[in-house]
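# Summary of structural features
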Amino acid sequence: MILVTGGAGFIGSNFVLDWLARSDEPVVNLDALTYAGNLENLAGIEGDPRHLFRHGDIGDAALLGGLLAEFRPRAVLHFAAESHVDRSILGPGDFVRTNVTGTFTLLQAAQGYWSGLDRAAQQAFRFLHVSTDEVYGSLGPDDASFSETTPYQPNSPYSASKAASDHFVRAWHHTYGLPTLTTNCSNNYGPFQFPEKLIPLVIANALAGKPLPIYGDGLNIRDWLYVGDHCDAIRQVLERGRVGETYNIGGWNEQTNLSVVRLICSILDGLHPASPVVPHEQLISFVKDRPGHDRRYAIDARKIERELGWRPAETFETGIRKTVAWYLDNQAWVGRVQSGGYRDWISRQYGGLNGQASP
Ligand SMILES: NC(=O)c1ccc[n+]([C@@H]2O[C@H](COP(=O)([O-])OP(=O)(O)OC[C@H]3O[C@@H](n4cnc5c(N)ncnc54)[C@H](O)[C@@H]3O)[C@@H](O)[C@H]2O)c1
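### Overview of the layout of surface pockets
The computed volume of the largest pocket comes to approximately 830 Å³. If you go around the largest pocket, you meet 43 residues; those closest to its centre are Ile11, Phe79, Ala81, Ser83 and Lys197. Among the secondary structure elements, those contributing two or more residues to the lining of the largest pocket are α1 (10–22), β2 (27–31), β5 (126–132), α6 (157–176) and β7 (187–189). For the lining of the largest pocket, the residue count by class is 19 nonpolar, 16 polar and eight charged. The set of elements that each furnish at least two residues to the lining of the second largest pocket consists of α6 and β6 (180–185). At five residues, the largest contribution of residues to the lining of the second largest pocket is made by α6. Residue composition of the lining of the second largest pocket, grouped by class: five nonpolar, nine polar and five charged.

### Thoughts on the pattern of salt bridges
Scanning the model with the defined rule gives 18 salt bridges in all. The partner of Glu239 in a salt bridge is Arg74, with the nearest N and O atoms 3.0 Å apart. With Glu239 in helix α8 (residues 227–240) and Arg74 in the loop between α2 (61–71) and β4 (75–78), the pair connects residues that are 165 residues apart, well separated along the chain. Since its relative accessible area comes to 45%, Glu239 is described here as partly exposed. For Asp217, the salt bridge is made with Arg295, and the minimal N-O distance between the two is 2.8 Å.

### What to know about α2
Buried within α2 we find Leu64, Leu67, Leu68 and Phe71. Along the axis of α2, the buried residues cluster in a sector spanning 95°; they form a single face. Looking at α2, the residues exposed on the side facing more than 90 degrees away from the buried face are Ala62 and Glu70. Those residues of α2 hidden inside the fold are in contact with β1 (2–5), β2, β3 (51–55), β4 and α4 (92–115). Measuring from the backbone nitrogen of Ala62 back to the side-chain oxygen at the start of α2 gives 3.3 Å, which picks out Asp60 as the cap. Downstream of α2 by one or two residues, Arg72 has phi in the positive range, about 50°.

### Things to note about the packing of helix α7 (residues 198–207) against helix α11 (residues 316–329)
Viewed as axis vectors pointing N to C, α7 and α11 meet at an angle of 50°, and their least axial separation amounts to 10 Å. By the criterion of interaxial angle, the relationship of α7 to α11 is oblique. In the packing of α7 onto α11, the handedness of the crossing is right-handed. Seen from α7, the contacting residues are Ile199, Pro200, Ile203 and Leu207; seen from α11, they are Ile320, Thr323, Val324, Tyr327 and Leu328. Here the contact of α7 with α11 is built from residues that sort into eight nonpolar, one polar and no charged.

About the criteria used
Residues numbered from 1 in each chain as written. Predicted model: local features only at pLDDT ≥ 70, side-chain atom pairs only at ≥ 80, totals over all residues. Heavy atoms only, no water. 1 Å grid on protein atoms, 1.4 Å probe; cavity = no way out; pocket = protein on both sides within 12 Å on 5 of 7 lines; lining within 4 Å. Points joined across faces, edges and corners; volume = space filled by probe spheres on them. Helix = DSSP H or I, 4+ residues; strand = E, 2+ residues; numbered from the N terminus. Nonpolar A, V, L, I, M, F, W, Y, C, P; charged D, E, K, R; others polar. Salt bridge = Lys/Arg side-chain N within 4 Å of Asp/Glu carboxyl O. Buried < 20%, exposed > 50% of the residue type's maximum accessible area, 1.4 Å probe, protein only. Arc of directions from axis to C-beta. Contact = heavy atoms within 4.5 Å. Polar contact = N/O pair within 3.5 Å; in protein donor to acceptor, adjacent residues only side chain to side chain. Axes fitted to C-alpha atoms, helices over the stretch in contact; angles between N-to-C directions. Parallel < 35°, antiparallel > 145°, perpendicular 65-115°, else oblique. Left-handed = near helix turned anticlockwise from the far one by under 90°.

Now the structure itself:
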(Lines give C-alpha, C1' and ligand atoms only; values in the text may rest on other atoms or scores of the structure.)
Protein backbone atom coordinates (compact mmCIF):
# COMPACT_ATOMS: atom_id res chain seq x y z
CA MET A 1 0.00 0.00 0.00
CA ILE A 2 0.93 3.65 -0.22
CA LEU A 3 0.76 6.40 2.40
CA VAL A 4 -0.52 9.76 1.16
CA THR A 5 -0.33 12.94 3.27
CA GLY A 6 -2.79 15.77 2.59
CA GLY A 7 -5.15 13.51 0.66
CA ALA A 8 -8.23 15.53 1.65
CA GLY A 9 -6.92 18.70 -0.03
CA PHE A 10 -7.27 19.75 -3.64
CA ILE A 11 -4.50 17.81 -5.40
CA GLY A 12 -4.27 15.05 -2.78
CA SER A 13 -7.96 14.14 -3.05
CA ASN A 14 -7.78 14.13 -6.86
CA PHE A 15 -4.72 11.88 -6.57
CA VAL A 16 -6.42 9.41 -4.19
CA LEU A 17 -9.56 9.24 -6.36
CA ASP A 18 -7.52 8.72 -9.54
CA TRP A 19 -5.30 6.15 -7.85
CA LEU A 20 -8.18 3.99 -6.65
CA ALA A 21 -9.89 4.32 -10.05
CA ARG A 22 -6.81 2.72 -11.63
CA SER A 23 -5.44 0.35 -9.04
CA ASP A 24 -6.49 -1.92 -6.20
CA GLU A 25 -3.46 -0.97 -4.13
CA PRO A 26 -4.81 0.51 -0.85
CA VAL A 27 -4.12 4.06 0.29
CA VAL A 28 -3.60 5.26 3.84
CA ASN A 29 -4.55 8.93 3.80
CA LEU A 30 -3.18 11.11 6.64
CA ASP A 31 -4.66 14.60 6.78
CA ALA A 32 -5.03 17.17 9.56
CA LEU A 33 -8.23 18.54 7.97
CA THR A 34 -7.22 22.18 8.15
CA TYR A 35 -9.52 24.73 6.48
CA ALA A 36 -8.26 23.32 3.14
CA GLY A 37 -8.91 19.67 3.91
CA ASN A 38 -12.38 18.43 3.09
CA LEU A 39 -13.48 14.84 3.47
CA GLU A 40 -16.42 15.59 1.18
CA ASN A 41 -13.91 15.51 -1.69
CA LEU A 42 -13.57 11.79 -0.99
CA ALA A 43 -17.30 11.02 -0.81
CA GLY A 44 -16.97 9.00 -4.03
CA ILE A 45 -14.89 6.38 -2.20
CA GLU A 46 -16.77 6.43 1.10
CA GLY A 47 -16.84 2.93 2.58
CA ASP A 48 -14.23 1.68 0.10
CA PRO A 49 -12.00 -0.69 2.10
CA ARG A 50 -9.01 0.32 -0.05
CA HIS A 51 -9.10 3.83 1.44
CA LEU A 52 -8.01 4.20 5.06
CA PHE A 53 -8.37 7.75 6.32
CA ARG A 54 -6.42 8.84 9.39
CA HIS A 55 -6.97 12.27 10.93
CA GLY A 56 -3.65 13.65 12.15
CA ASP A 57 -0.74 16.00 11.74
CA ILE A 58 2.48 15.30 9.85
CA GLY A 59 4.25 17.04 12.74
CA ASP A 60 3.23 14.23 15.12
CA ALA A 61 6.24 11.90 15.13
CA ALA A 62 4.61 9.23 17.32
CA LEU A 63 1.56 9.08 15.06
CA LEU A 64 3.76 8.78 11.94
CA GLY A 65 5.88 6.02 13.48
CA GLY A 66 2.73 4.10 14.43
CA LEU A 67 1.18 4.44 10.96
CA LEU A 68 4.32 3.34 9.17
CA ALA A 69 4.77 0.33 11.49
CA GLU A 70 1.12 -0.66 11.16
CA PHE A 71 0.66 -0.28 7.39
CA ARG A 72 4.20 -0.84 6.09
CA PRO A 73 3.72 1.24 2.90
CA ARG A 74 5.97 0.81 -0.13
CA ALA A 75 5.87 4.57 -0.70
CA VAL A 76 5.05 7.86 1.00
CA LEU A 77 3.54 10.56 -1.23
CA HIS A 78 3.75 13.88 0.53
CA PHE A 79 1.10 16.42 -0.51
CA ALA A 80 0.26 17.94 2.90
CA ALA A 81 1.13 21.62 3.09
CA GLU A 82 -0.09 25.08 3.76
CA SER A 83 -0.50 26.17 0.16
CA HIS A 84 -1.92 29.69 -0.23
CA VAL A 85 0.53 32.56 -0.82
CA ASP A 86 -1.83 35.21 0.59
CA ARG A 87 -2.27 33.26 3.82
CA SER A 88 1.52 32.89 4.07
CA ILE A 89 1.86 36.68 4.00
CA LEU A 90 -0.68 37.08 6.79
CA GLY A 91 0.51 34.15 8.94
CA PRO A 92 3.86 32.63 7.93
CA GLY A 93 4.19 30.59 11.16
CA ASP A 94 1.79 27.86 10.00
CA PHE A 95 3.83 27.52 6.81
CA VAL A 96 7.05 26.95 8.72
CA ARG A 97 5.31 24.50 11.07
CA THR A 98 3.72 22.31 8.39
CA ASN A 99 5.87 22.77 5.29
CA VAL A 100 9.28 22.87 6.99
CA THR A 101 9.04 21.22 10.42
CA GLY A 102 6.26 18.88 9.30
CA THR A 103 8.23 17.70 6.27
CA PHE A 104 11.32 17.25 8.45
CA THR A 105 9.31 15.15 10.93
CA LEU A 106 7.88 13.06 8.10
CA LEU A 107 11.35 12.52 6.62
CA GLN A 108 12.71 11.40 9.97
CA ALA A 109 9.84 8.96 10.47
CA ALA A 110 10.17 7.63 6.91
CA GLN A 111 13.90 7.21 7.27
CA GLY A 112 13.50 5.38 10.61
CA TYR A 113 10.96 3.03 9.03
CA TRP A 114 12.98 2.58 5.82
CA SER A 115 16.21 1.73 7.63
CA GLY A 116 14.43 -1.19 9.34
CA LEU A 117 13.23 -2.74 6.05
CA ASP A 118 14.97 -5.68 4.38
CA ARG A 119 17.22 -4.87 1.46
CA ALA A 120 14.69 -5.58 -1.30
CA ALA A 121 12.00 -3.50 0.42
CA GLN A 122 14.50 -0.69 0.97
CA GLN A 123 15.35 -0.65 -2.72
CA ALA A 124 11.70 -0.61 -3.72
CA PHE A 125 10.68 2.14 -1.24
CA ARG A 126 10.06 5.72 -2.43
CA PHE A 127 9.47 9.02 -0.67
CA LEU A 128 7.84 11.33 -3.22
CA HIS A 129 7.72 14.99 -2.24
CA VAL A 130 5.18 17.15 -4.09
CA SER A 131 6.46 20.69 -4.53
CA THR A 132 5.95 23.81 -6.58
CA ASP A 133 7.59 25.87 -9.32
CA GLU A 134 7.33 28.90 -7.02
CA VAL A 135 10.63 27.89 -5.37
CA TYR A 136 12.45 29.19 -8.47
CA GLY A 137 11.29 32.80 -8.02
CA SER A 138 10.07 35.11 -10.73
CA LEU A 139 10.95 35.35 -14.46
CA GLY A 140 11.20 38.35 -16.76
CA PRO A 141 9.26 38.27 -20.03
CA ASP A 142 12.17 36.90 -22.07
CA ASP A 143 13.84 34.67 -19.47
CA ALA A 144 14.19 30.94 -20.13
CA SER A 145 11.64 28.73 -18.36
CA PHE A 146 12.45 27.07 -15.03
CA SER A 147 14.43 23.86 -15.46
CA GLU A 148 15.50 21.41 -12.76
CA THR A 149 18.85 23.23 -12.53
CA THR A 150 17.44 26.75 -12.12
CA PRO A 151 18.71 28.20 -8.82
CA TYR A 152 16.14 28.52 -6.05
CA GLN A 153 15.00 32.12 -5.40
CA PRO A 154 11.79 31.90 -3.37
CA ASN A 155 10.07 35.24 -2.79
CA SER A 156 7.05 34.57 -0.56
CA PRO A 157 6.85 32.89 2.84
CA TYR A 158 4.98 30.04 1.07
CA SER A 159 7.64 29.47 -1.58
CA ALA A 160 10.44 29.88 1.00
CA SER A 161 8.86 27.17 3.15
CA LYS A 162 8.46 24.84 0.16
CA ALA A 163 12.05 25.54 -0.92
CA ALA A 164 13.24 24.64 2.58
CA SER A 165 11.26 21.39 2.45
CA ASP A 166 12.77 20.53 -0.95
CA HIS A 167 16.26 21.03 0.49
CA PHE A 168 15.52 18.73 3.45
CA VAL A 169 14.25 16.04 1.07
CA ARG A 170 17.42 16.36 -0.99
CA ALA A 171 19.57 16.16 2.14
CA TRP A 172 17.78 13.03 3.40
CA HIS A 173 18.66 11.32 0.15
CA HIS A 174 22.27 12.44 0.05
CA THR A 175 22.97 11.99 3.75
CA TYR A 176 20.90 8.98 4.74
CA GLY A 177 20.24 7.30 1.39
CA LEU A 178 16.45 7.63 1.63
CA PRO A 179 15.10 6.93 -1.90
CA THR A 180 13.47 10.28 -2.58
CA LEU A 181 11.83 11.88 -5.61
CA THR A 182 10.77 15.53 -5.83
CA THR A 183 8.31 17.07 -8.27
CA ASN A 184 8.03 20.82 -8.86
CA CYS A 185 4.77 21.61 -10.57
CA SER A 186 3.14 24.72 -11.97
CA ASN A 187 -0.33 26.04 -11.02
CA ASN A 188 -3.03 23.39 -10.94
CA TYR A 189 -6.72 23.80 -11.61
CA GLY A 190 -9.67 21.40 -11.63
CA PRO A 191 -12.33 19.87 -9.37
CA PHE A 192 -12.19 20.28 -5.57
CA GLN A 193 -9.93 23.34 -5.54
CA PHE A 194 -10.64 25.56 -2.56
CA PRO A 195 -12.33 28.75 -3.79
CA GLU A 196 -9.62 31.07 -2.49
CA LYS A 197 -7.49 30.32 -5.57
CA LEU A 198 -7.91 32.17 -8.84
CA ILE A 199 -9.92 29.81 -11.05
CA PRO A 200 -12.54 28.48 -8.58
CA LEU A 201 -12.87 31.94 -7.01
CA VAL A 202 -13.60 33.56 -10.36
CA ILE A 203 -16.13 30.88 -11.31
CA ALA A 204 -17.90 31.13 -7.93
CA ASN A 205 -17.97 34.94 -7.91
CA ALA A 206 -19.10 35.17 -11.54
CA LEU A 207 -21.98 32.78 -10.86
CA ALA A 208 -22.97 34.89 -7.86
CA GLY A 209 -22.70 38.16 -9.85
CA LYS A 210 -19.90 39.38 -7.53
CA PRO A 211 -16.76 41.32 -8.53
CA LEU A 212 -13.88 39.33 -10.03
CA PRO A 213 -10.93 40.98 -8.27
CA ILE A 214 -7.62 40.78 -10.11
CA TYR A 215 -4.33 41.85 -8.60
CA GLY A 216 -2.40 44.76 -10.14
CA ASP A 217 -2.60 44.98 -13.93
CA GLY A 218 -3.64 41.32 -14.32
CA LEU A 219 -0.59 40.60 -16.46
CA ASN A 220 1.18 38.22 -14.06
CA ILE A 221 1.85 35.02 -15.95
CA ARG A 222 1.41 31.47 -14.67
CA ASP A 223 1.72 28.09 -16.33
CA TRP A 224 -1.54 26.16 -15.79
CA LEU A 225 -1.91 22.39 -15.58
CA TYR A 226 -5.10 20.34 -15.20
CA VAL A 227 -4.94 18.50 -11.86
CA GLY A 228 -5.57 15.09 -13.46
CA ASP A 229 -2.45 15.58 -15.57
CA HIS A 230 -0.45 16.43 -12.44
CA CYS A 231 -1.70 13.24 -10.76
CA ASP A 232 -0.70 11.23 -13.82
CA ALA A 233 2.79 12.77 -13.80
CA ILE A 234 3.19 11.91 -10.10
CA ARG A 235 2.25 8.27 -10.78
CA GLN A 236 4.85 8.13 -13.57
CA VAL A 237 7.56 9.64 -11.38
CA LEU A 238 6.70 7.26 -8.54
CA GLU A 239 6.98 4.16 -10.72
CA ARG A 240 9.83 5.12 -13.04
CA GLY A 241 11.54 8.27 -11.78
CA ARG A 242 15.24 8.06 -10.98
CA VAL A 243 15.88 8.04 -7.25
CA GLY A 244 17.28 11.31 -5.88
CA GLU A 245 16.09 13.28 -8.93
CA THR A 246 13.71 16.19 -9.24
CA TYR A 247 11.19 16.52 -12.08
CA ASN A 248 9.53 19.73 -13.23
CA ILE A 249 5.89 19.28 -14.24
CA GLY A 250 4.06 21.87 -16.33
CA GLY A 251 1.33 22.36 -18.87
CA TRP A 252 3.24 24.19 -21.65
CA ASN A 253 0.54 26.76 -21.09
CA GLU A 254 1.55 30.27 -20.02
CA GLN A 255 -1.39 32.61 -19.47
CA THR A 256 -1.83 36.01 -17.88
CA ASN A 257 -4.29 36.09 -14.99
CA LEU A 258 -6.41 38.45 -17.06
CA SER A 259 -6.64 36.07 -20.02
CA VAL A 260 -7.60 33.19 -17.67
CA VAL A 261 -10.40 35.28 -16.16
CA ARG A 262 -11.61 36.43 -19.59
CA LEU A 263 -11.73 32.85 -20.87
CA ILE A 264 -13.78 31.73 -17.86
CA CYS A 265 -16.14 34.68 -18.42
CA SER A 266 -16.66 33.80 -22.07
CA ILE A 267 -17.36 30.12 -21.22
CA LEU A 268 -19.93 31.25 -18.63
CA ASP A 269 -21.47 33.68 -21.14
CA GLY A 270 -22.01 30.72 -23.49
CA LEU A 271 -23.47 28.53 -20.76
CA HIS A 272 -25.69 31.26 -19.24
CA PRO A 273 -26.68 33.63 -22.07
CA ALA A 274 -29.73 34.83 -20.10
CA SER A 275 -27.76 35.78 -16.96
CA PRO A 276 -28.17 39.44 -15.90
CA VAL A 277 -24.37 39.77 -15.66
CA VAL A 278 -23.59 38.78 -19.28
CA PRO A 279 -20.98 39.59 -20.40
CA HIS A 280 -19.37 38.33 -17.16
CA GLU A 281 -16.25 40.36 -18.03
CA GLN A 282 -18.03 43.45 -16.72
CA LEU A 283 -17.47 42.02 -13.21
CA ILE A 284 -13.66 42.27 -13.52
CA SER A 285 -12.26 44.59 -10.86
CA PHE A 286 -8.55 45.43 -10.57
CA VAL A 287 -7.32 45.64 -6.97
CA LYS A 288 -4.07 46.62 -5.21
CA ASP A 289 -1.30 44.15 -6.02
CA ARG A 290 -0.11 41.43 -3.65
CA PRO A 291 3.18 42.40 -1.90
CA GLY A 292 6.16 40.78 -3.62
CA HIS A 293 3.91 39.34 -6.34
CA ASP A 294 5.99 37.17 -8.71
CA ARG A 295 5.59 38.36 -12.29
CA ARG A 296 6.02 35.22 -14.34
CA TYR A 297 6.42 31.47 -13.86
CA ALA A 298 7.14 29.14 -16.76
CA ILE A 299 8.08 25.47 -16.62
CA ASP A 300 10.48 23.62 -18.88
CA ALA A 301 8.98 20.13 -18.65
CA ARG A 302 11.33 18.46 -21.13
CA LYS A 303 13.08 16.23 -18.59
CA ILE A 304 9.93 14.35 -17.53
CA GLU A 305 8.95 13.99 -21.18
CA ARG A 306 12.40 12.73 -22.20
CA GLU A 307 12.87 10.31 -19.31
CA LEU A 308 9.32 9.17 -18.57
CA GLY A 309 7.38 10.02 -21.73
CA TRP A 310 4.92 12.23 -19.82
CA ARG A 311 3.07 15.12 -21.44
CA PRO A 312 -0.21 16.69 -20.34
CA ALA A 313 -3.27 15.13 -21.95
CA GLU A 314 -5.53 18.19 -21.53
CA THR A 315 -5.17 21.47 -23.38
CA PHE A 316 -6.08 24.58 -21.40
CA GLU A 317 -9.30 24.91 -23.41
CA THR A 318 -10.46 21.33 -22.68
CA GLY A 319 -9.34 21.42 -19.05
CA ILE A 320 -10.91 24.75 -18.23
CA ARG A 321 -14.23 23.77 -19.86
CA LYS A 322 -14.32 20.58 -17.77
CA THR A 323 -13.49 22.61 -14.68
CA VAL A 324 -16.16 25.26 -15.23
CA ALA A 325 -18.69 22.47 -15.86
CA TRP A 326 -17.64 20.73 -12.63
CA TYR A 327 -18.13 23.89 -10.54
CA LEU A 328 -21.53 24.46 -12.18
CA ASP A 329 -22.58 20.91 -11.32
CA ASN A 330 -21.19 21.15 -7.78
CA GLN A 331 -22.40 24.50 -6.52
CA ALA A 332 -23.57 22.88 -3.28
CA TRP A 333 -19.94 21.81 -2.63
CA VAL A 334 -18.75 25.36 -3.21
CA GLY A 335 -21.47 26.74 -0.93
CA ARG A 336 -20.50 24.43 1.92
CA VAL A 337 -16.80 25.14 1.52
CA GLN A 338 -17.46 28.87 1.53
CA SER A 339 -19.35 28.82 4.82
CA GLY A 340 -18.10 29.24 8.38
CA GLY A 341 -14.39 29.66 9.06
CA TYR A 342 -13.55 30.24 5.42
CA ARG A 343 -15.91 33.20 5.16
CA ASP A 344 -14.62 34.71 8.41
CA TRP A 345 -11.07 34.55 7.14
CA ILE A 346 -11.95 36.05 3.78
CA SER A 347 -13.67 39.02 5.38
CA ARG A 348 -10.76 39.66 7.76
CA GLN A 349 -8.27 39.44 4.91
CA TYR A 350 -10.12 41.14 2.11
CA GLY A 351 -12.95 43.20 3.57
CA GLY A 352 -15.90 43.29 1.20
CA LEU A 353 -14.16 41.90 -1.87
CA ASN A 354 -14.88 38.18 -1.42
CA GLY A 355 -11.28 37.23 -1.96
CA GLN A 356 -8.52 38.31 -4.26
CA ALA A 357 -8.42 36.67 -7.64
CA SER A 358 -4.92 35.40 -7.68
CA PRO A 359 -3.38 31.95 -7.43
N1 LIG B 1 -2.30 23.96 -5.95
C2 LIG B 1 -1.30 24.12 -6.79
O3 LIG B 1 -1.46 24.78 -7.83
C4 LIG B 1 0.04 23.47 -6.53
C5 LIG B 1 1.01 23.50 -7.54
C6 LIG B 1 2.24 22.87 -7.31
C7 LIG B 1 2.47 22.21 -6.12
N8 LIG B 1 1.51 22.20 -5.14
C9 LIG B 1 1.79 21.46 -3.90
O10 LIG B 1 0.92 20.35 -3.89
C11 LIG B 1 0.57 20.03 -2.55
C12 LIG B 1 -0.94 20.00 -2.40
O13 LIG B 1 -1.45 21.29 -2.76
P14 LIG B 1 -3.01 21.59 -2.71
O15 LIG B 1 -3.27 22.73 -3.63
O16 LIG B 1 -3.76 20.32 -2.85
O17 LIG B 1 -3.14 22.11 -1.21
P18 LIG B 1 -4.43 22.23 -0.29
O19 LIG B 1 -4.18 23.43 0.57
O20 LIG B 1 -5.67 22.18 -1.10
O21 LIG B 1 -4.41 20.91 0.60
C22 LIG B 1 -3.48 20.68 1.61
C23 LIG B 1 -3.95 19.49 2.44
O24 LIG B 1 -2.95 19.25 3.44
C25 LIG B 1 -3.61 19.10 4.70
N26 LIG B 1 -2.69 19.54 5.74
C27 LIG B 1 -2.26 20.82 5.98
N28 LIG B 1 -1.43 20.84 7.03
C29 LIG B 1 -1.30 19.55 7.46
C30 LIG B 1 -0.57 18.93 8.49
N31 LIG B 1 0.22 19.64 9.32
N32 LIG B 1 -0.66 17.58 8.64
C33 LIG B 1 -1.46 16.86 7.81
N34 LIG B 1 -2.19 17.40 6.84
C35 LIG B 1 -2.12 18.73 6.65
C36 LIG B 1 -4.86 19.97 4.60
O37 LIG B 1 -5.85 19.58 5.55
C38 LIG B 1 -5.27 19.75 3.16
O39 LIG B 1 -6.10 18.61 3.06
C40 LIG B 1 1.24 21.08 -1.67
O41 LIG B 1 2.42 20.53 -1.16
C42 LIG B 1 1.54 22.22 -2.62
O43 LIG B 1 2.67 22.94 -2.20
C44 LIG B 1 0.29 22.81 -5.32
